[in-house]
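Structure at a glance
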Amino acid sequence: MADSADALANAQPAPIALITGASSGLGAALAAEYARRGWRLVLVARRADALEQTARDCGVSGDAQRLRLLVCDVRDIDRFRQEADRLLQDWGCPQVVIANAGISHGVDLSHPGDLDMAIDIMDINWGAALGTLAPFIAPMRSRGSGALVGIASVAGLRGLPCHAAYCASKAALIRSLESLRVELRAHGVKVVTISPGYVETAMTAGNRFAMPFLLSPRQFTVRAVRAIDAGRAYATIPWQMAVLSQLLRVVPRALYDRAVNFYGRKPRKPDCEPCRGVSRRNRLLQRRWRGREE
Ligand SMILES: NC(=O)c1ccc[n+]([C@@H]2O[C@H](COP(=O)([O-])OP(=O)(O)OC[C@H]3O[C@@H](n4cnc5c(N)ncnc54)[C@H](OP(=O)(O)O)[C@@H]3O)[C@@H](O)[C@H]2O)c1
């Protein structure tokens, strides 16, 4: 009896994972994986009902000991910092913080409205991602442990046509995380950059082109959490995409420019006209898809 009371008193509280963009796709799948391990969860996104659904899927809905939901736009940096301070006070510093929230739309910069879209993409995918990690840098540094994780993309390696904003946002994130990684190296804090290839989520549902090595969110998550556990500096998931990325890095511009033109283009936000300059192959592909949808 005394033994079990001692064990209870000495029991360490479960570790904490904070995940943005947890209302769908990769964020929801990452939440499920950490819930399965018995971690406490802090889940962040704008859609309250979808976030609640993630909590139900994780089996922690309504459990205030294991779950905090933060319905918030990650661009609201002040609000996020206030909530982070409250979390640090109540529960302490998370072991893992994952800046996952992101958006992806094709942009055609000759189209007046698309500059706003491009700026939004940078704000969310880069600015707000850093805003997510920032409140936890000092506490992790003084504790001497923790993992700051950014979900980047293979698209951050080179510019893709009609994807000027998304590619730039992910390239900026990759570089910023690299800076953070070297800054924090001596302090015991891991900074992990994860670059997914294609994963089947709402983000890729509108893609009308072939997506090689497409993974399910669960397949992605198992690999991503393994990389976070290992404190890997940079992980491309799946490995086949890592091979392609290495090739992409070294292909000379003249060859790249010709080859990439044959590849499919990210559609602009639904209901907008298709991105201009669409290659002939992709026009055919789009027509075929439209045919299937009708
Ligand atoms: N799927 C892929 O193939 C793929 C490939 C490479 C990289 N990625 C990256 O993986 C991450 C997750 O994407 P996904 O595929 O899971 O897409 P998704 O299903 O569309 O999920 C995006 C998540 O981000 C949240 N979000 C977007 N804007 C937000 C904002 N302003 N404030 C708070 N939350 C916001 C969304 O929640 P609310 O709408 O509820 O706010 C949603 O939970 C993104 O960073 C994406 O760039 C995905």
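Please refer to the structure placed before this passage.
These remarks concern the structure in this document.

Cut-off values and rules
For every chain, the first residue of its written sequence is number 1, and the numbers climb from 1 along that sequence. For this predicted model, a pLDDT threshold of at least 70 governs which residues receive local features, and a threshold of 80 or more governs which side-chain atom pairs are given and counted, while totals over whole chains, interfaces and linings are taken from all residues. Helical segments are the DSSP runs of H or I of at least four residues, strand segments are the runs of E of at least two, and each set is numbered from the N terminus. Buried means a residue has 20 or more other C-beta atoms within 10 Å of its own C-beta, exposed means 12 or fewer, and partly exposed covers the counts in between; C-beta atoms are placed from the backbone. By the convention adopted here, residues make contact when the C-beta atoms placed from their backbones lie within 7 Å. Core membership is restricted to buried Ala, Val, Leu, Ile, Met, Phe, Trp, Tyr and Cys residues, and these are joined into a nonpolar core through C-beta atoms within 7 Å. Residues are counted as near a molecule or strand when the C-beta atom, derived from backbone positions, lies within 6 Å of that molecule or strand. Classification used: nonpolar for Ala, Val, Leu, Ile, Met, Phe, Trp, Tyr, Cys and Pro, charged for Asp, Glu, Lys and Arg, polar for all others including Gly. Between any two strands, at least two bridges found by DSSP are needed for them to pair. Axis definition: a line fitted to C-alpha atoms, limited for helices to the stretch in contact. Angles are taken between N-to-C directions and run from 0 to 180 degrees. Reported orientations rely on four angle classes, namely roughly parallel under 35 degrees, roughly antiparallel over 145, roughly perpendicular from 65 to 115, and oblique for the rest. Less than a right angle of anticlockwise turn of the near helix away from the far helix marks a crossing as left-handed, whereas a clockwise turn marks it as right-handed. Orient the strands so they point away from the viewer; a crossover is then right-handed if the path from the first strand over the helix to the second runs clockwise.

**Observations concerning the overall build of the protein**
For the protein, the helix and strand inventory stands at 12 helices and seven strands. Residues classed as buried in the protein amount to 37% of the 294 residues present. Of the contacts formed within the protein by residues at least 6 apart in sequence, a portion of 69% connects residues at least 24 apart.

**As for the nonpolar core**
If you look at the biggest cluster of nonpolar residues, it comprises 67 residues, and the most contacted ones within it are Ala 17, Ile 19, Ala 31, Leu 41, Leu 43, Ile 98 and Val 149. Ignoring anything within four residues of it in the chain, the contact list for Ile 98 reads Ala 17, Leu 18, Ile 19, Thr 20, Leu 30, Val 149 and Ile 151.

**Comments concerning the site of the ligand**
Taken together, the neighbourhood of the ligand is formed by 29 residues, with Gly 21, Gly 25, Arg 46, Gly 102 and Thr 201 sitting nearest. Elements that contribute at least two residues to the shell around the ligand include exactly α2 (25-36) and α8 (202-205). In terms of residue class, the shell around the ligand is made up of 13 nonpolar, 12 polar and four charged.

**Topic: the environment of Ser 23**
On the secondary structure map, Ser 23 appears in the loop between β1 (16-20) and α2. Ser 23 gets classed as buried once you count the C-beta atoms within 10 Å, which come to 25.

**Structural notes on the pairing of strand β4 (residues 96-99)**
Residues Val 96 and Ile 98 line one face of β4 and the alternating positions Val 97 and Ala 99 line the opposite face, and both faces are buried. Bridge analysis of β1 against β4 gives three bridges, and the strand direction is parallel. Opposite Leu 18, over in β4, you have Val 97 as the bridge partner. With four bridges connecting them, β4 and strand β5 (residues 147-151) associate as parallel partners. The partner of Val 96 across the bridge, within β5, is Ala 147.

**As for the sheet that holds strand β6 (residues 190-196)**
Pairing within the open sheet is parallel, and its seven strands lie in the order β3-β2-β1-β4-β5-β6-β7. Here the strands that pair on one side only, and so sit at the sheet edges, are β3 (67-71) and β7 (234-237). Across this sheet, the average inter-strand angle for adjacent strands is 15°, counted without regard to direction. The sheet contacts of helix α7 (residues 164-184) involve β5 and β6, and relative to β6 the element is tilted by about 160°. Most of the contacts of helix α9 (residues 217-229) go to β6, to which it runs at about 155°, and overall it touches β4, β5, β6 and β7.

**Quick word on the packing of α2 against α9**
The interhelical angle for the contact between α2 and α9, taken along N-to-C directions, is 60°, at an axis separation of 9 Å. It follows that α2 is oblique to α9 by the angle criterion. Read as a crossing pair, α2 and α9 show a hand that is right-handed. In this structure, α2 contributes Gly 25, Leu 26, Ala 29, Leu 30 and Glu 33 to the contact, and α9 contributes Pro 217, Arg 218, Phe 220, Thr 221, Ala 224 and Val 225. Looking at the contact of α2 with α9 residue by residue, the classes come out as seven nonpolar, two polar and two charged.

**Some thoughts on the pairing of strand β2 (residues 40-45)**
Counting buried positions along β2 yields six of six residues, so the element is predominantly enclosed. In the classification by handedness, the crossover that spans β1, the intervening α2 and the parallel β2 is right-handed. The pairing of β2 with β3 spans five bridges and is classified as parallel. By the bridge assignment, Leu 43 is partnered in β3 with Leu 69. Handedness of the crossover joining β2 and β3 through helix α3 (residues 48-58): right-handed.

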